[in-house]
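Residues per chain are reported as follows:
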Amino acid sequence: MQKKEAMSRKALLMNIVITIGIFVIATMLAIAFFHYSRNSTSVAIIYILAVMLVARYTNGYVPGVVASFLGVICVNYVFTYPFMRLNFSIDGYPITFVAMTLISGLTSMLTTQSKKQNQILNEQEKFLMEAEKETMRANLLRAVSHDLRTPLTGIIGMADAYLADSGRLTEEEKSYMVKGISEDANWLLNMVENLLSVTRIRVGETRVNTSLESLEEVVSEAVQRLRKRLPQARVQVQVPEEFLMVPMDAMLIEQVIINLLENGVYHSGAEKIDLYVVKKDKEAVFRIRDYGKGITPERLEAIFDGGGTEENPSGDSHRGMGIGLSICKTIVNAHEGTIWANNWEQGAEFVFTLPLREDTGDDK
Amino acid sequence: MTNKQTILVIEDEKIIGSYIETILISNEYKVLRAMNGMTGLSLCTSHHPEIVLLDLGLPDMDGMEVLQHIREFSNLPIIVISARSQEREKVEALDGGADDYITKPFGAEELLARIRTALRHRLHAGQGQKHELVYSKDELVIDFERRLVTLQGKAIHLTQIEYKLVSLLARNAGKVLTYDYILKEIWGPYADMDNQILRVNMANIRRKLETNPAEPHYIFTEIGVGYRMLE
């Protein structure tokens, strides 16, 4: 409350200062004008202009209305005979004054109103954007809880079975269970890293902090990390011969590459996967190609929209990459790049681009 | 039994601490454990461990502080345990005197390799002698005396700066070197430059030493931190 009061007092002061300032300037102009032409009509017009300006640059109706009265009084007092005295009874003048009051009052009201409408529109837009973000967040949360619950069920189940074992499980079965726990835990870790990368974007509000990174270093680190997680994957990588520096948040782009590669390995069923990066015009183009069945047209359309609950063809439901792909899209968009999916002769292909900027000044 | 090397583990999380302890004990190390920074420091002064594993997130004090305190009186190897996504923290720790870092979650192999590397480098430094005269790994051989680099038996031509870079990394093989450290070592302490020149040079080296620059075999990048050469 106190803050609001202080704000309004400050606003009031600002209004007074602006009104007085504009009137001083208008009066000076009017005096100069009057000195040459002796025409009080032009003087009145100068004051109407002043009233409009006051309405435009102050808040609320009051300053505009006050200004219009002030203008009428000024014209009467200073610029009409008898000078330096108020006299509203001169022939014809009452009408002039009434008209002037009306004109200035109306303009001030119109200006204030249009200002108010603008404000309302802005607020509505902001509200809509907030709502959209809220929906995105809700969708993400829903997908997350689904994708987290499945591996957790596996981990808890296998751990319970292991603990409840009364000596009937063979060594082989036991090691199979622990391996399952380890696999699911790794999957969870990947998920958590994805979520962490989302928070990195949220902090900066849709844009990310980029710095110039060596493209091949980012690619090689991403591939290295993928190999650690999926030793069976056979990744073939190719980067441009030319040394490229690309503005990006390296950790996020790494996440995108890993998600797409991992997605390809899981969904194609084949362990072979290619990653090509080429420079095309002012963009770096990343292509991830798998050797699987490809993507059905229905799925292609909404593949990046976080449809995490959809059962995938292999029936291995917790490998649904719903969140992973929607996070890829968020990240690439935040870099002002584009991402899309399509099929090529031997399987599915995911492509994303990052703009190469000329500026090199934002390097750490 | 007496020649077992002692490792001090300063880690507040019980499960991770026991996990590390299990790995280390089964690999013939003696383990001291501290759950917070103060205990860690006093154990460090009283027991003189050979190496310290330090978690940066401790309940009582900042891990960086512990690092600084230890460095005030000892030069023993310190490996920092940190969470991923905090490159800044890793770089600060390395430039603040840590020998290496390991990222959570890590496997047993990775941890043991880091410990061996740190111990080995400390041994060399302690003896005050020159490092090995030759780095040899797979197809790559670097002869430090003759300043000669060969790959699959063929001599590789490197520029002056490139050779300095490769030999610096090779002498510290297995250990991560930060951008700042490398820049200072190669271009001198007063060189005023960003790490872009370093990355351009590394790209050239990669094209000369690696079959595929996108899949390096000898020199690895740790984005945001620095470079590490195959040990």
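Residues numbered from 1 in each chain as written. Chains lettered and ligands numbered in written order. Predicted model: local features only at pLDDT ≥ 70, side-chain atom pairs only at ≥ 80, totals over all residues.

Chemist: Go over the overall build of chain A, please, and point to the residues and values.
Modeler: Within chain A, the regular secondary structure consists of 9 helices and 7 strands. Residues counted as buried form 34% of the 364 residues belonging to chain A. For chain A, long-range pairs separated by at least 24 residues make up 70% of all intrachain contacts whose partners lie at least 6 apart in sequence. (Helix = DSSP H or I, 4+ residues; strand = E, 2+ residues; numbered from the N terminus. Buried ≥ 20, exposed ≤ 12 C-beta atoms within 10 Å, placed from the backbone. Contact = placed C-beta atoms within 7 Å.)

Chemist: Describe in detail the pairing of strand β3 (residues 245-248) of chain A, supporting the description with residues and values.
Modeler: Consecutive side chains of a regular strand alternate in pointing toward one face of the sheet and then the other. All names here are of chain A. Burial along β3 is two-sided: Met245 and Pro247 facing one way and Val246 and Met248 facing the other are all buried. Alignment of strand β1 (residues 211-214) against β3, held across 4 bridges, turns out to be antiparallel. Among the inter-strand pairings, Leu212 is bridged to a residue of β3, identified as Pro247. (Pairing = 2+ DSSP bridges.)

Chemist: Quick one: what's the story with the interface of chain B and chain A, residue by residue and with numbers?
Modeler: Taken together, the contact pairs 16 residues of chain B with 20 residues of chain A. Mapped by element, the contributors of at least two residues to the side of chain B that touches chain A are α8 (196-209) and β11 (219-222) of chain B. The element best represented in the side of chain B that touches chain A is α8 of chain B, accounting for 4 residues. In terms of residue class, the side of chain B that touches chain A is made up of 8 nonpolar, 5 polar and 3 charged. (Nonpolar A, V, L, I, M, F, W, Y, C, P; charged D, E, K, R; others polar.)

Chemist: Describe in detail the sheet that holds strand β7 (residues 347-355) of chain A, supporting the description with residues and values.
Modeler: Residues and elements named next belong to chain A. If you trace the 5 strands from one edge of the open sheet to the other, you get β2-β4-β5-β7-β6, paired in mixed fashion. Looking at which strands have only one partner, the edges of the open sheet turn out to be β2 (234-238) and β6 (338-344). The sheet shows a mean angle of 15° between the axes of neighbouring strands, taken without regard to direction. Sheet topology note: the strand β5 (residues 283-290)/β7 ladder contains 7 bridges and is antiparallel. Considered in β7, the bridge of Arg289 is made with Glu349. Packing against the sheet, helix α6 (residues 215-229) makes contact with β2, β4 (272-280) and β5, and its axis sits at approximately 180° to β2. Against the sheet, helix α7 (residues 250-268) makes contact with β2, β4, β5 and β7, and its axis sits at roughly 20° relative to β5, the strand it touches most. (Axes fitted to C-alpha atoms, helices over the stretch in contact; angles between N-to-C directions.)

Chemist: An account of helix α3 (residues 63-73) of chain B is needed here, citing residue identities and associated values.
Modeler: Residues and elements named next belong to chain B. For α3, the set of buried residues is Gly63, Val66, Leu67 and Ile70. Seen along its axis, α3 keeps its buried residues to an arc of 100°; they face one direction. Turned more than 90 degrees off the buried face of α3, the exposed positions are Gln68 and Glu72. Packed against the buried residues of α3 are β1 (5-10), α2 (37-47), β3 (51-55), β4 (78-83) and α4 (87-95). (Arc of directions from axis to C-beta.)

Chemist: Quick rundown of the domain arrangement of chain B? Include the residues and the values.
Modeler: All names here are of chain B. Domain assignment breaks chain B into domain 1 (5-127) and domain 2 (134-229). Once you take the C-alpha centre of each, domain 1 and domain 2 turn out to be 27 Å apart. Across the boundary between the two partners, domain 1 contributes 10 residues, which contact 8 residues of domain 2. When residues of the side of domain 1 that touches domain 2 are traced back to their parent elements, those giving at least two are α4, β5 (100-104) and α5 (108-127). Per-element tally for the side of domain 1 that touches domain 2: the top contributor is α4, with 5 residues. (Domains from an automatic or database assignment.)

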